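One letter stands for each residue in the lines below.
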Amino acid sequence: MICLFSLLAGCTLPSIENRDASSALGGAEARETLLGRAIAPLVSEHPGKSGIYPLLHPHDAFAARMLLAKNAERTLDVQYYIWRGDISGTLLLQSLYAAAERGVRVRLLLDDMGTSGLDDELAALDSHPKIEVRLFNPFVVRYPKWLGFLTNFSRVNRRMHNKSFTADNQATIAGGRNVGDEYFWAAEGLLFADLDVLCVGPVVDDVSTDFDRYWASDSSYPVGLILPPPDRDLRDHFSPISLRLERDPSAASFMSAMRRSSFIHDLLEGSLAFEWAKTRMVSDDPAKGLGEAHADGLLTHQLEEIIGLPDQDVALISPYFIPTAAGVDAFRKMTDRGVKVRIFTNSLEATDVLIAHAGYAKRRKDILQAGITLYEMRRVLPKAERTKGADLFGGSASSLHAKTFAADCERVFVGSFNFDPRSARLNTEMGFVIDSPSLARRIDEAFDEAIPERAYEVQLNDDGHMYWLERRGERRVRHDSEPNTSFWKRSVVYFLSLLPIEWLL
């Protein structure tokens, strides 16, 4: 105990007063890059609009990141909540290293909650003269990290949930995907149905400006102040990893799928079908990471100002939907005004965060009583099923992770924001509001066609009890308890729902 308290007593963060300052690539310099010259003619044809391309298939989402890293000439600004040291995570780290070897300046900003097992790799990357790595709200004690919650809970409980990958301030990828095999379908096991978008045009500059805000925030620490120096040369560090990946059948299969992607060919040939629309970035003030952001600096405030009150229709997709009593009341007021509200979230069998489902389940009956149509994603386990469907809502995935909604079939939000208290009050988030009736229609059509076929519809009977309807072709199968779950699992969720922790979820 004496050793433990002595350790905790020394858990103070170092000073960041002398950090190096840097900023995104300037407009004129950015336009002179390979990406800039390729994108400029498209942007000039659509003044005031940004080009949006939804990355629905996970292989396209990975290929897009690799392609941006490969074709960047001046800068790569990369920001993520989770970065795993698996196949996809390692390949992307290697792509950043390869870019730096070509002379590209790389800035990598990671939330420290999601970097488990990567300390050696991050320290090694940071030793490269063209790479700088920073950690957001870092843990001083590296293992076990949970000790940080004992010393400074109010700080480390706030995380950076933002996700963006920007090359030469000309093209960016942002949305719901973290970096890990489950997000790109690079291995067996849990597979997420997710969504992010590739963007070109004016909104990219907004993302770069926002990255600069986070990079220079009081929560971002150079990794050299937190981690010990690497114990070997960067080349020596990555060589055995490269050799291991070359011998890994899963990695070979994944890269083979990347090479077959038509997305890469279309992008390089300039035939990628962008949706050109007025697009506004919304983002939390990074001061939220220390609990110091003002209300007008929050993403929720910006969303409300841009979208206002929907008049006709809301179609919302969220993996961890926790509306709270206030949220249910807001939805009830919408339905009372005649607004059609439809929600798609994870079922208990599909969720990867049991405690989040508990926060949602305690409000589920209230949601239904408010007149909302509610769907829950089914988890598809057979391996054969995972090869079917390339759309966001297909049966190929085992869990939902996309965060998007459409309002009045006119505007679409795509980003990192979960509709839960944590996203609203604790974590930092970002996303785009896109004025695109065509994208909004795609979400609307998904609720009309794909989602009912691949989800349970939750309903109330005359006695006020919930049941779940599953479509199996022409048949309708009714479940009177949460499908494909055990009594014990449901009991755990019920117990968790009784705890006063909704504000943490």
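Our structure is the block above this text.
Residues numbered from 1 in each chain as written. Predicted model: local features only at pLDDT ≥ 70, side-chain atom pairs only at ≥ 80, totals over all residues. Heavy atoms only, no water.

Draft legend 1. Highlighting the overall build of the protein chain. Across its full length, the protein chain carries 21 helices and 21 strands. Scaling as 2.2 N^0.38, a compact globule of 505 residues should have a C-alpha radius of gyration of about 23 Å, and the protein chain matches this with 23 Å. Along the three orthogonal principal directions, the C-alpha set of the protein chain runs to about 70 × 65 × 50 Å. With 505 residues in all, the protein chain has 57% of them scored as buried. A separation threshold of at least 6 residues defines the contact pool for the protein chain, and within that pool the share at least 24 residues apart is 79%. Between the averaged position of the 58 positive side-chain charges in the protein chain and that of its 70 negative side-chain charges there is a distance of 3 Å. (Helix = DSSP H or I, 4+ residues; strand = E, 2+ residues; numbered from the N terminus. Rg over C-alpha atoms; globule rule 2.2 N^0.38 Å. Buried < 20%, exposed > 50% of the residue type's maximum accessible area, 1.4 Å probe, protein only. Contact = heavy atoms within 4.5 Å. Lys, Arg positive; Asp, Glu negative; His and termini not counted. Charge placed at Lys NZ, Arg CZ, Asp CG, Glu CD.)

Draft legend 2. Structural detail: the nonpolar core. In terms of nonpolar packing, the biggest core is built from 69 residues, with Leu76, Trp83, Leu108, Leu122, Phe165 and Leu198 touching the most fellow members. A total of 8 residues in this core trace back to one element, the largest contributor, which is helix 5 (residues 87–101). Ignoring any residue separated from it by four or fewer positions in sequence, one finds Leu108 in contact with Val78, Trp83, Leu93, Leu96, Leu122, Glu132, Val133, Arg134 and Trp215. Counting residues in each nonpolar core, the second largest holds 34 residues, with Val197, Val203, Leu439 and Ile443 among its members. (Core = buried A, V, L, I, M, F, W, Y, C linked by side-chain atoms within 4.5 Å.)

Draft legend 3. Quick look at the environment of Ile372. Tracing the chain through its elements places Ile372 in the loop between helix 17 (354–369) and strand 14 (373–377). Residue Ile372 is classed as buried on the basis of its relative accessible area of 6%. Note: C-alpha distance between Ile372 and Val341 (31 residues apart in sequence) is 5.3 Å. Leave out the neighbours within four places in its chain, and Ile372 touches Phe331, Thr335, Val341, Ile343 and Ile367.

Draft legend 4. Examining the environment of Ala100 more closely. Summarising the element assignment, Ala100 is placed in helix 5. Apart from residues lying up to four places away in sequence, Ala100 is in contact with Val106, His128, Lys130 and Ile131.

Draft legend 5. Main features of the sheet that holds strand 16 (residues 404–407). Within the open sheet, the 10 strands sit side by side as 11-18-17-16-12-13-14-19-20-21. Their pairing is mixed. Where the open sheet ends on each side, the last strands, each with one partner, are strand 11 (279–283) and strand 21 (475–479). Taken over all neighbouring pairs, the strand axes of this sheet differ in orientation by 20° on average, direction set aside. As paired elements, strand 14 and strand 19 (residues 455–460) share 4 bridges and run antiparallel to each other. Residue pairing in the sheet places Glu376 in a bridge with Tyr456 of strand 19. Lying on the sheet, helix 10 (residues 202–215) is in contact with strand 11 and strand 18 (430–435); it crosses strand 11 at an angle near 15°. (Pairing = 2+ DSSP bridges. Axes fitted to C-alpha atoms, helices over the stretch in contact; angles between N-to-C directions.)

Draft legend 6. Region of the structure containing the sheet that holds strand 1 (residues 50–55). An order of 9-4-3-2-5-6-8-1-10 is seen for the 9 strands of this open sheet, with the pairing classed as mixed. Among the strands making up the open sheet, the edge pair consists of strand 9 (220–222) and strand 10 (275–277). The mean angle between the axes of side-by-side strands here comes to 20°, regardless of whether they run parallel or antiparallel. With respect to the sheet, helix 10 is in contact with strand 1, strand 2 (75–82), strand 3 (105–114), strand 4 (131–136), strand 5 (164–167), strand 6 (171–175), strand 8 (196–200) and strand 9, its orientation differing from that of strand 3 by roughly 65°.

Draft legend 7. How the structure looks around the pattern of salt bridges. Tallied over the entire structure, the rule returns 30 salt bridges. Among the salt bridges present, the one from Glu132 reaches Arg134, with a minimum N-O distance of 3.0 Å. Across this residue pair, the class does not change: Glu132 and Arg134 are buried. In this structure, a network of salt bridges that share partners links the residues Asp313, Lys340, Arg342, Asp444 and Asp448. (Salt bridge = Lys/Arg side-chain N within 4 Å of Asp/Glu carboxyl O.)

Draft legend 8. Quick look at the packing of helix 17 against helix 21 (residues 487–498). Viewed as axis vectors pointing N to C, helix 17 and helix 21 meet at an angle of 70°, and their least axial separation amounts to 8 Å. Classified by the angle their axes make, helix 17 and helix 21 are roughly perpendicular. Considering only the axes of helix 17 and helix 21, their crossing is right-handed. Residues Leu354, Ile355, His357, Ala358, Ala361 and Lys362 of helix 17 pack against Lys489, Val492, Val493, Leu496 and Ser497 of helix 21. Residues that form the contact of helix 17 with helix 21 fall into these classes: 7 nonpolar, 2 polar and 2 charged. (Parallel < 35°, antiparallel > 145°, perpendicular 65-115°, else oblique. Left-handed = near helix turned anticlockwise from the far one by under 90°. Nonpolar A, V, L, I, M, F, W, Y, C, P; charged D, E, K, R; others polar.)

Draft legend 9. Structural context of helix 15 (residues 299–307). Leu299, Gln302, Leu303 and Ile307 are the residues of helix 15 that are buried. The buried side chains of helix 15 occupy one side of the element, clustering within an arc of 110° when seen end-on. In helix 15, those exposed residues whose orientation departs by more than 90 degrees from the buried face are Glu304 and Glu305. Along its buried surface, helix 15 packs onto strand 11, strand 16, strand 17 (411–415) and strand 18. (Arc of directions from axis to C-beta.)

Draft legend 10. Seen up close, the packing of aromatic side chains. On inspection of all chains with the given rule, the structure shows 17 aromatic pairs. Between the aromatic rings of Phe211 and Trp215, the centroid separation amounts to 5.7 Å while the plane-to-plane angle is 20°, which identifies the pairing as stacked. In this pair, Phe211 and Trp215 are both assigned in helix 10, 4 residues apart and thus about one turn of the helix distant. The residues Phe211 and Trp215 share a single accessibility class, namely buried. With a centroid separation of 5.3 Å and an interplanar angle of 70°, the aromatic rings of Phe487 and Trp488 are classed as edge-to-face. (Phe/Tyr/Trp six-rings, centres within 6.5 Å; stacked < 30°, edge-to-face > 60°.)

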